[in-house]
Amino acid sequence: MKLLFLGDVMGRSGRAGVITHLARLREEWALDFVVVNGENATNGAGLSPAHAKELLDAGADVLTLGDHAFDQKDMLSFINQEPRIIRPLNFAKGAPGAGARVFEATRGRKVLVTQVLGQVFMKRAFEDPFGLIEQALKTHPLGGVVHAALVDVHCEATSEKMAMGHWCDGKASLVVGTHTHVPTADAMILPGGTAFLSDAGMCGDYHSVIGMEKAEPMRRFVTGMVKGRFVPAGEEATLSGVFVETDDRTGKATRIVPVRQGGRLASSGPE
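Residues numbered from 1 in each chain as written. Predicted model: local features only at pLDDT ≥ 70, side-chain atom pairs only at ≥ 80, totals over all residues. Heavy atoms only, no water.

1. A word on the pattern of salt bridges
Throughout the structure, instances matching the rule amount to 14 salt bridges. Note that K110 is salt-bridged to E104, the shortest N-O span being 3.1 Å. Under the relative-accessibility criterion, E104 is labelled exposed at 53%. The salt bridge involving D248 is made with R107; its shortest N-O contact spans 3.8 Å. Here D248 is found in the loop between β13 (239-246) and β14 (253-261), whereas its partner R107 is found in the loop between β6 (100-104) and β7 (110-117), with 141 residues between them in sequence. Residue classification places D248 among the partly exposed residues on the basis of a relative accessible area of 25%. By relative accessible area, R107 is classed as exposed at 69%. (Salt bridge = Lys/Arg side-chain N within 4 Å of Asp/Glu carboxyl O. Buried < 20%, exposed > 50% of the residue type's maximum accessible area, 1.4 Å probe, protein only. Helix = DSSP H or I, 4+ residues; strand = E, 2+ residues; numbered from the N terminus.)

The following block contains the structure:
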């Protein structure tokens, strides 16, 4: 199976990038399944139902969220109406929606998509992600219940993301980090056959401070004072993420390639 995961969609620029490029990439790379993190798609803070529909219509099979999952209050009800949106497994007890779900890819193949929030440097103390992800993967074994399993690890710390990759090795097809908006250079297949990348980066304008217009973040760093709100940068987006090929029989990864399309970053993909 050929899987594509795209990192955090950042504001209007990120949405435009997905709409511009994703249909073409699905065709050119013969993609079987696409997951997009929509965490910051609506003005940099959460995901609205209207913008969720835009991303799904653009070619995403599933959208994942993150710590800003319900910043857009309409998502509290919409997530129960739209099963293609996954919130973090350990967000909060009683939170609406699901943190893990099995979807159908091309030729009827089954794909588990799940997401967890990290604990290190996060503003809230979330439930243990390691125990919860272990249970989700045990319930959906590769080569048995599902043909592939994708884990989105929404964390601040690269160390926690790497630990999760090793924890899931051999039990997931792909473990990929999100949240920090900066693509890392450690794409690899772990010894047990799990593809791993510490952070997919963002789908957004990289002429920015992690997707925000530069002036206000720089002012706060330099002076320590707040003058205005953070506003998503609006120039052309780079789509950042990762392409993975898997073996249908085992669910293990056979290839991993970082993806960069459009915008300022050097182009990369499974050419």
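2. Let's talk about the packing of helix α4 (residues 129-139) against helix α5 (residues 158-168)
For the pair α4 and α5, the least separation of the axes is 11 Å and the interaxial angle reads 30 degrees. Considering the angle they form, α4 stands roughly parallel to α5. Between α4 and α5 lies a crossing of right-handed hand. Residue-level contacts link P129, F130, I133, E134 and L137 of α4 to E160, A163, M164, W167 and C168 of α5. (Axes fitted to C-alpha atoms, helices over the stretch in contact; angles between N-to-C directions. Parallel < 35°, antiparallel > 145°, perpendicular 65-115°, else oblique. Left-handed = near helix turned anticlockwise from the far one by under 90°. Contact = heavy atoms within 4.5 Å.)

3. Quick look at the environment of K227
Here K227 shows up in the loop between α6 (215-223) and β13. Classification of K227 by relative accessible area gives exposed; the value is 67%. Considering only alpha carbons, one finds K227 and F196, 31 residues apart in sequence, at a separation of 39 Å. With residues near it in sequence (within four places) discarded, K227 still touches E216 and R219.

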